[in-house]
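Coordinate inspection notes
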Amino acid sequence: MSLNPLLFKTQAYIDGKWVNADKGGVIEVTNPATGEVIGSIPNMGKAEAERAVLAAEAALAVWQQKSAKERANILRKWFNLMMQHQEDLAYILTIEQGKPLAEAKGEIAYGASYIEWFAEEAKRIYGDTIPGPSADRRIVVLKQPIGVCAAITPWNFPNAMITRKAAPALAAGCTFVIRPASQTPFSALAMAVLAEEAGIPAGVFNVITGDAEDIGHVLTESPIVRKFSFTGSTPVGRRLMQQCASTIKKVSLELGGNAPFIVFDDADVDAAVQGAVAAKFRNAGQTCVCANRIYAQAGIYEEFTQKLAAAVQKLNVGDGTKAGVEIGPMIEPKAIKNTVSLLEDAKAKGGEVLCGGEHKDLFFMPTVIKNANTDMRVFSEEIFGPIAPVFKFDTEDEVIRLANDTEYGLASYFYSENMSRVIRVYEKLDYGMVGVNTGIISNEAAPFGGVKQSGLGREGSKYGIEDYVEIKYVAIAVKS
Ligand SMILES: NC(=O)C1=CN([C@@H]2O[C@H](COP(=O)(O)OP(=O)(O)OC[C@H]3O[C@@H](n4cnc5c(N)ncnc54)[C@H](OP(=O)(O)O)[C@@H]3O)[C@@H](O)[C@H]2O)C=CC1
Ligand SMILES: O=C(O)[C@H](O)CS(=O)(=O)O
């Protein structure tokens, strides 16, 4: 495969124009599998970000003058174009982010599914009429687009994290400014090429690249921006939320996780092993919903850990553009350093490495640690890498307490064939999402999001549009 020059853009996209940074600065982007420079993007800052916000404000009228059905049809065209270009978009994603091509193709389809879903939701943003408290009063409730929306997204899902925000925003009649992660900007720019081709008017969808802090201050502190959405780490999300407070902006946050993955004695152990591999090693463990702490009940602990290690050892690690590769590189040296540090800490505190543990360049071998315990950093920190610590537990009450003992509350998973236990456990897990007998829970029809310090709001599903509309109450006096 090779880069499609029509989709591979090295300029930002503001107000329907492809532009460089005012001062001409650029940021180089490298392929994490090879270290080669793929290309560069404009290193923009405050002035360009302000222009992007003004362009989005100016485009509100033209976008809102279209009917919901017209907006829906344009979004549908955007979805169709993404799927027509799935292979080319996946290749761009793999060389900038590292995930294997099969996973990248999956992300393109997953990201596009949010556009498909909200193209349909665009036509179903309903208001209410409410019986008035007296004969001379009428109550009308409208749901109207909130206005200019802005977002900052991470490197681990360079397509889907953007469409999960842009699709409901545009469906609701809002306009949008996105600042993608510096490591993975090309997927966002390719999205803009197809947005333009789909008929999304200039200024409605803008992609700005460059200095995170300078651009971030504009997107969080400009009074023109009415809604800010962030996906990334909890510390950065907390800081951006504080910045949004200056203008009382509507904020949605998809932040870090520390997902428990619980296997009870009455589980289908082979299914649980497959689920654990999927939940732990997707994107080389670099997702916020990855299984972070694996708990196996005493009765099946030996069987489960041995079968898990046997399955993990078979995973094919390498350059994601090569056929058959299942685990790509980590995103950058900092990620490798953090993963090594977590592993060394676990080993020093009694962990036994059943497989993996080594790394070369940005490739970290998928690792299973037996005899994990709560003194280890992997118990309380988000690993965000291909390490699977397996903890032993005895009782249901004990594992629920351990699972909930974290400031995070994004995803959780457990395996049991006992229906009463299934209901008891999913009711007691303090998380925004629970996977029962499955390790993969993300799709466009479901409300994705967390509780506690994993975030605010939900993305996808019928709930996802609510963050992009404002409710207006109209009180009407009626003469008899
Ligand atoms: N809940 C969820 O859905 C997700 C959560 N995450 C979490 O994010 C972490 C890993 O992703 P990672 O990208 O390292 O997270 P970061 O929070 O470091 O970065 C996320 C984005 O924020 C930008 N950013 C960083 N600092 C600032 C700032 N001060 N002002 C404005 N923008 C800023 C980054 O820019 P740049 O890197 O270009 O400097 C990047 O685009 C993990 O904790 C993971 O769990 C990640 C993805 C999804
Ligand atoms: O960034 C992430 O980790 C994603 O939100 C996970 S998922 O939605 O692709 O499962």
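Residues numbered from 1 in each chain as written. Chains lettered and ligands numbered in written order. Predicted model: local features only at pLDDT ≥ 70, side-chain atom pairs only at ≥ 80, totals over all residues. Heavy atoms only, no water.

Further remarks concern the site of ligand 1. Neighbouring ligand 1 are 27 residues, the closest being Thr153, Ser182, Ser233, Leu255 and Glu382. Glycine 232 places a main-chain nitrogen or oxygen 3.3 Å from a nitrogen atom of ligand 1. Protein chains bury 85% of the 890 Å² of accessible surface belonging to ligand 1 in isolation. At three residues, the largest contribution of residues to the shell around ligand 1 is made by helix α8 (residues 234-244). A per-class count over the shell around ligand 1 returns 13 nonpolar, eight polar and six charged. In this structure, the shell around ligand 1 is formed jointly by two domains, domain 1 (12-255 + 454-473) and domain 2 (259-436), each of which donates at least three residues. (Near = heavy atom within 4 Å. Polar contact = N/O pair within 3.5 Å; in protein donor to acceptor, adjacent residues only side chain to side chain. Areas by Shrake-Rupley, 256 points an atom, 1.4 Å probe, with all protein chains shown as cover. Helix = DSSP H or I, 4+ residues; strand = E, 2+ residues; numbered from the N terminus. Nonpolar A, V, L, I, M, F, W, Y, C, P; charged D, E, K, R; others polar. Domains from an automatic or database assignment.)

Moving on, we come to the site of ligand 2. Close to ligand 2 lie Tyr110, Asn156, Phe157, Met161, Arg164, Arg282, Thr287, Cys288, Val289, Ser442 and Phe448, which account for all nearby residues. One of the side-chain nitrogen or oxygen atoms of serine 442 is found 2.5 Å away from an oxygen atom of ligand 2. Residue composition of the shell around ligand 2, grouped by class: six nonpolar, three polar and two charged. There are two domains that each give the shell around ligand 2 at least three residues, and those are domain 1 (12-255 + 454-473) and domain 2 (259-436).

Per the UniProt annotation, the sites labelled "active site" (unreviewed entry) are Glu254. Relative to the assigned elements, glutamate 254 resides in strand β11 (residues 250-254). A residue is classified by how much of its surface remains accessible, and glutamate 254, at 3% relative accessible area, is buried. (UniProt positions renumbered as here; feature names shortened; annotations may be inferred. Buried < 20%, exposed > 50% of the residue type's maximum accessible area, 1.4 Å probe, protein only.)

This part covers the nonpolar core. Core analysis: the largest hydrophobic core is formed by 67 residues, its most contacted members being Trp78, Leu170, Phe176 and Phe205. Residues contacting leucine 170, with those up to four places away along its chain left out, are Trp63, Arg71, Leu75, Trp78, Phe176, Ile200 and Val204. Ranked by size, the runner-up nonpolar core spans 36 residues in total, among them Val277, Tyr301, Leu315 and Leu410. (Core = buried A, V, L, I, M, F, W, Y, C linked by side-chain atoms within 4.5 Å. Contact = heavy atoms within 4.5 Å.)

Another point: the packing of helix α3 (residues 86-97) against helix α6 (residues 186-198). One way to put it is that α3 packs onto α6 with a least axis distance of 9 Å and a crossing angle of 160°. Classified by the angle between their axes, α3 and α6 sit roughly antiparallel to one another. In this structure, α3 meets α6 at a crossing whose hand is right-handed. Residues Leu89, Ile92, Leu93 and Glu96 of α3 touch α6, and the partners they reach there are Phe186, Ser187, Ala190 and Leu194. By residue class, the composition of the contact of α3 with α6 is six nonpolar, one polar and one charged. (Axes fitted to C-alpha atoms, helices over the stretch in contact; angles between N-to-C directions. Parallel < 35°, antiparallel > 145°, perpendicular 65-115°, else oblique. Left-handed = near helix turned anticlockwise from the far one by under 90°.)

Right, let's talk about unusual backbone geometry for a bit. A positive phi angle, close to 60°, is found at asparagine 371, a residue other than glycine. With respect to the helices and strands, asparagine 371 occurs in strand β17 (residues 367-372). One non-glycine residue, serine 461, lies in the positive phi region at around 65°. The residue serine 461 is located in the loop between β21 (455-456) and β22 (469-477) in this model.

In this section: a nonpolar patch on the surface. A cluster of nonpolar side chains, contributed by Met419, Ile423 and Tyr426, occupies part of the molecular surface with about 300 Å² of accessible area. Examined against the element boundaries, isoleucine 423 turns out to sit in helix α14 (residues 419-428). For isoleucine 423, a relative accessible area of 34% gives the class partly exposed. (Patch = residues over 30% accessible without salt bridge, like charges linked within 9 Å, V, L, I, M, F, W, Y side chains within 5 Å. Salt bridge = Lys/Arg side-chain N within 4 Å of Asp/Glu carboxyl O.)

This part takes up the packing of aromatic side chains. Within the structure shown, the criterion is met by 12 aromatic pairs. Centre to centre, the rings of phenylalanine 264 and phenylalanine 393 are 5.6 Å apart; their planes meet at 85°, and the pair counts as edge-to-face. A residue pair is termed long-range when its members are at least 10 positions apart, and phenylalanine 264 in the loop between β12 (259-263) and α9 (269-281) and phenylalanine 393 in strand β18 (residues 387-393) qualify at 129 residues. Both residues of the pair, phenylalanine 264 and phenylalanine 393, count as buried. Following the ring pairs from residue to residue traces out a cluster consisting of Trp78, Phe176 and Phe205. (Phe/Tyr/Trp six-rings, centres within 6.5 Å; stacked < 30°, edge-to-face > 60°.)

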